[in-house]
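# Examining the three-dimensional arrangement
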Amino acid sequence: MPAHKRVLVIDNGSYECRVGWHDSKEPELRFRNVLTKPRKDRKKDNNQATDALAPPTGATAAQDECKGNGEIQVGNDIINIEAVRAHLKSPFERNVITNWNHQEQIFDYIFTKMGYEGKESIGNPIVLTEALANPNVCRRQMSELLFECYRVPAVSYGIDALYSWQQHQQQHKGVQDALILSFGYSTTHVIPVLNGRMQIEHVRRLNVGGFHIINYLFRLMQMKYPVHLNAITSRMEKLVHEHSHIALDYQEELLKWAQLDYYEAHIMKIQLPYNPVTASNALLTAEQKQEKRRELALRLLDIKNRREREKLQEDEEQLQLLRKLRLLYEQQKMQKFERALQQQQISNLEELDKLLTTVQSRIKRVKERASAPPRPSKQQDKLDKMPKPPEGVPQAQWLAELRGKREELMRRKQARQQQRTEQGKRHTHAAQERMRIISTLAARSEKRRKVNNGDEEDDGFGMNDNDWDVYKRINRYNDDSDSDAENEQLLEFEKILNHYDANGDDAQNAAMQALNAAENYQLHFGVEAIRVPEILFQPSMIGCSEAGLAELIAFVLKLFPAEEQQRLADHVYLTGSCAQFRGLKARLAKEMMELRPFQSSFAIYESQDPALSAWLGACLQAREPKFSEVLTTRSQYEEQGGEYFKEHRASNSYYPTPKD
């Protein structure tokens, strides 16, 4: 490799891609390793259908083809990633590339941003990261893509965790042994390194990573706040990256969160967008409310008319197109007619005529409705029927009188309710008076029965109007039914007061409810902060049957003799984006203390920049004097095949696929 050629370093992660030159201090390009294709514009499709009747020239056909295909948006070029989150595509399945069409589009984006737009080939060597134990078929397709499509001069493949380890060795000279914990987006690896070489046969993988942590938090919040699904989706990654941490003792932390005082002191409340329209409307006067209703009605009417005009224009364009089709049939141009019917997805002439009639009738109805006089508004009729203050009486005085009448009716209803309550008590004055009158009547009836030898005769009671005074006296305290007229009058008073009086009780209650409704638009992020990253140590929480990270470390260490175990435990190195979780180092120290022998030593080191250390380590290798010796050149690719690559300290081991 000529000394003057710069090397393009690509850390092709499954979550984020980092691209830059080997002599730079930081990558020039960082983006989410996803792409999307926006929906086609329907109007463009209609225009293409209209132009299909005319014979296209070569230029117009090419332009139509470009218009018909939506532009692919990659990485930072995605305008609103939240709006298209459900349509994001990735070339990765877990940490292995499987969709090569998407990977080619991402490479196009990378090389365009790095200044290769319009060039026939990539003139600089490339350092590219790949998955640990990457299958030969994936490497072969990657080499074919780089050498055949982009014509790169040479490429070097390496593992991101080992590149990060090389960058870490710059601060720890002479360290050749380490136990690397690589926390990725889809997987977590435990990689033992002895004498500077990876022990590939003892590497173990945990199929839990950043994706599973984010997805687990989304599921928890979705069950907790099912009505705020859209707002939850766009906030999960930020909550995981910035506010989650790993508990030193998970069970003890759960007991703390079960206490109300601890919960109130540590809960994080996230206020979602909320528009307090109800609260503001409740404090408006009747005239202001009526004006807002009128403005809203006019706005809705304007929207309706605009939609009708757009629909009418579309129908007229469709009618013109259908008439052109009918004209082709009348002119006996059957080939063009059949081709046009097929393009418009119309089966035969009968269906064409039926569609013509439907569109014409629809256009006619719209035009008739537009020319008809406007109908009276139901809302306006309701407002006109609302009672108004008498002439010469101020509205405030009239409302005060109505409030007094309403309070009088309410007092009478409460008094009747109180009387019904007291009637059930024996020692009240009402109950005693009622029983006295009934006893007097019963005694008179018994006296008449004795005079008539046991036969009771009709004494004519009730024939005189004065006799009914007795029943009135009995029922004076038993008026247990409210007058229908009073109930209707009370409803009428409340209706008028709610309409005119903005400071009434109902309006104040509505305003208070609207102000408190903002609390229903809050996300409470509490115990989830320690629950979601805990799946690294307890994968069973998400239904994964694999061992946790602590058990995996213990298993890997037991594969080595005691002396090598100690060498590995003396330098446990954490790298990868998930290594940035607060509390991870302390939790691992606790786990190592439990699994290591008594009075044995261990040390845990963190990467200075876990997300960027792999790219920096690859740049270090590209700056080495003997870097050209680890490059796989184009001639070697053509001679050895796409699976072949040159091994180095940070690469996978080359195992050629056995031939049949």
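Residues numbered from 1 in each chain as written. Predicted model: local features only at pLDDT ≥ 70, side-chain atom pairs only at ≥ 80, totals over all residues. Heavy atoms only, no water.

Contact pair helix H6 (residues 210-224) / helix H8 (residues 236-243): the axes reach a minimum separation of 9 Å and the direction vectors enclose 115°. Handedness of the H6/H8 crossing: right-handed. Listed contacts from H8 to Ile213, Ile214, Leu217, Phe218 and Met221 of H6 are Met236, Glu237, Leu239, Val240 and His241. Here the contact of H6 with H8 is built from residues that sort into 8 nonpolar, 1 polar and 1 charged. (Axes fitted to C-alpha atoms, helices over the stretch in contact; angles between N-to-C directions. Helix = DSSP H or I, 4+ residues; strand = E, 2+ residues; numbered from the N terminus. Left-handed = near helix turned anticlockwise from the far one by under 90°. Contact = heavy atoms within 4.5 Å. Nonpolar A, V, L, I, M, F, W, Y, C, P; charged D, E, K, R; others polar.)

Another aspect to go through is the packing of aromatic side chains. Throughout the structure, instances matching the rule amount to 16 aromatic pairs. Ring geometry for Tyr157 versus Phe645: centroids 6.5 Å apart, planes at 90°, classification edge-to-face. Of this pair, Tyr157 sits in strand S9 (residues 154-159) while Phe645 sits in the segment after helix H26 (634-640), placing them 488 residues apart in sequence. Like Phe645, Tyr157 is buried. Site record: aromatic cluster; members linked through ring pairs are Trp21, Phe107, Phe111, Tyr116 and Tyr150. Sitting above the plane of the Phe537 ring, Arg587 keeps its charged end 4.3 Å from the centroid. (Phe/Tyr/Trp six-rings, centres within 6.5 Å; stacked < 30°, edge-to-face > 60°. Buried < 20%, exposed > 50% of the residue type's maximum accessible area, 1.4 Å probe, protein only. Lys NZ or Arg CZ within 6 Å of the ring centre and 35° of its normal.)

Moving on, we get to the packing of helix H22 (residues 549-557) against helix H24 (residues 584-595). Packing of H22 against H24 leaves a shortest axis separation of 10 Å and a crossing angle of 45°. Relative to H24, the element H22 lies oblique. You can see that H22 and H24 cross each other, and the crossing is right-handed. Contact with H22, carried on its side by Leu549, Ala550, Ile553, Ala554 and Leu557, involves Leu588, Glu591, Met592 and Leu595 of H24 and no other residues of that element. When the residues that make up the contact of H22 with H24 are grouped by side-chain class, the tally is 8 nonpolar, no polar and 1 charged. (Parallel < 35°, antiparallel > 145°, perpendicular 65-115°, else oblique.)

In this section: the sheet that holds strand S8 (residues 126-130). Taking strand neighbours across the sheet as the criterion, the 6 strands line up as S3-S2-S1-S8-S9-S18 in an open arrangement whose pairing is mixed. Here the strands that pair on one side only, and so sit at the sheet edges, are strand S3 (29-32) and strand S18 (632-633). On the sheet, helix H4 (residues 136-149) packs against S8, S9 and S18 and is oriented at approximately 145° with respect to S9. On the sheet, helix H5 (residues 160-169) packs against strand S1 (8-12), S8 and S9 and is oriented at approximately 85° with respect to S9. (Pairing = 2+ DSSP bridges.)

Turning our eyes to something else, we now look at H24. With 12 residues, H24 ought to run about 16 Å at 1.5 Å a step, and its terminal C-alpha atoms sit 16 Å apart, in line with that. Within the sequence span of H24, burial applies to Leu584, Arg587, Leu588, Glu591 and Met592. Looking down the long axis of H24, one finds its buried residues gathered within 135° of arc, a one-sided arrangement. Those residues of H24 that are exposed and angled more than 90 degrees off the buried face are Met593 and Glu594. In the core, the buried residues of H24 are packed alongside strand S10 (178-183), H22, helix H23 (562-569), strand S16 (572-575) and strand S17 (604-606). (Expected span 1.5 Å × (residues − 1). Arc of directions from axis to C-beta.)

Residues Phe337, Ala340 and Leu341 constitute the buried set of helix H13 (residues 334-343). Projection of H13 onto a plane perpendicular to its axis shows the buried side chains occupying an angular sector of 100°, all on one side. Opposite the buried face of H13, by more than 90 degrees, sit the exposed residues Gln335 and Gln342. Where H13 terminates, the next one or two residues include Gln345, which has phi positive at roughly 60°.

Bringing the confidence of the model for the protein into the picture now. Across the protein, the average pLDDT comes to 82, with 78% of residues at or above 70. Contacts for the low-pLDDT stretch residues 41-46, under 50 throughout, to residues beyond four places or in other chains number 2 contacts. Below pLDDT 50 for its whole length, residues 52-69 participates in 10 contacts with residues either more than four positions away or in separate chains. (pLDDT = per-residue confidence, 0-100.)

Turning next to the pattern of salt bridges. Counting across every chain of the model gives 26 salt bridges. Here the residues in one salt-bridge network are Asp11, Glu16, Arg18 and Arg30, joined through shared partners. (Salt bridge = Lys/Arg side-chain N within 4 Å of Asp/Glu carboxyl O.)

This next bit is on unusual backbone geometry. Located in the positive-phi region is Asn195, a residue other than glycine, with phi close to 55°. Assignment of secondary structure puts Asn195 in the loop between strand S11 (188-194) and strand S12 (197-198). Classification of Asn195 by relative accessible area gives exposed; the value is 56%. Even without a glycine there, the phi angle at Gln332 is positive, about 65°. Here Gln332 shows up in the loop between helix H12 (286-330) and H13. We classify Gln332 as exposed; its relative accessible area is 57%.

Here S16 shows two buried faces, one formed by Val572 and Leu574 and the other by Tyr573 and Thr575. Pairing analysis gives 4 bridges linking S10 to S16, with the strands arranged parallel. The partner of Leu179 across the bridge, within S16, is Val572. As paired strands, S16 and S17 are joined by 3 bridges and run parallel to one another. Residue Leu574 lies in a different strand from S17, and its bridge partner there is Glu606. One crossover worth recording links S16 to the parallel S17 by way of H24, and it is right-handed. (Right-handed = clockwise from strand over helix to strand, strands pointing away.)

A word on the environment of Pro273. Among the structural elements, Pro273 can be located in the loop between strand S14 (268-271) and helix H11 (277-282). Residue class for Pro273 comes out exposed when judged on its relative accessible area of 63%. Spatially, the C-alpha atom of Pro273 lies 7.3 Å from that of Tyr521, the residues being 248 residues apart in sequence. Among all residues touching Pro273, those that are not within four sequence positions of it are Arg235 and Tyr521.

Counting 48 residues, the largest nonpolar core has Phe183, Ile553, Leu574, Leu584 and Leu588 as its most contacted members. Excluding residues that lie within four positions of it along the chain, Phe183 makes contacts with Thr188, Leu536, Leu549, Leu574, Thr575, Gly576, Ser577, Cys578, Ala579 and Leu584. (Core = buried A, V, L, I, M, F, W, Y, C linked by side-chain atoms within 4.5 Å.)

What follows is about the side chain of Arg634. Considering the arrangement of structural elements, one finds Arg634 in helix H26. Residue Arg634 is classed as buried on the basis of its relative accessible area, which comes to 19%. Separated by 2.4 Å, the side chain of Arg634 and the backbone oxygen of Phe147 make a polar contact. Among residues more than four places away in sequence, those in contact with Arg634 are Phe147, Glu148, Arg151, Val152 and Pro153. (Polar contact = N/O pair within 3.5 Å; in protein donor to acceptor, adjacent residues only side chain to side chain.)

What follows is about the environment of Leu595. Summarising the element assignment, Leu595 is placed in helix H24. Sequence spacing of Leu595 and Leu557 is 38 residues, and the spatial spacing of their C-alpha atoms is 10.0 Å. Apart from residues lying up to four places away in sequence, Leu595 is in contact with Ala550, Ala554 and Leu557.

Here we come to the pairing of S10. The buried fraction of S10 is high, at 6 of 6 residues. The alternating pattern of S10 places Ala178, Ile180 and Ser182 and Leu179, Leu181 and Phe183 on opposite faces, both of which are buried. Judged from the 6 bridges that link them, S10 and S11 form a sheet pairing that is antiparallel. By the bridge assignment for S11, Leu179 is matched with Pro192. Counting the residues that bridge the hairpin from S10 to S11 gives 4 residues.

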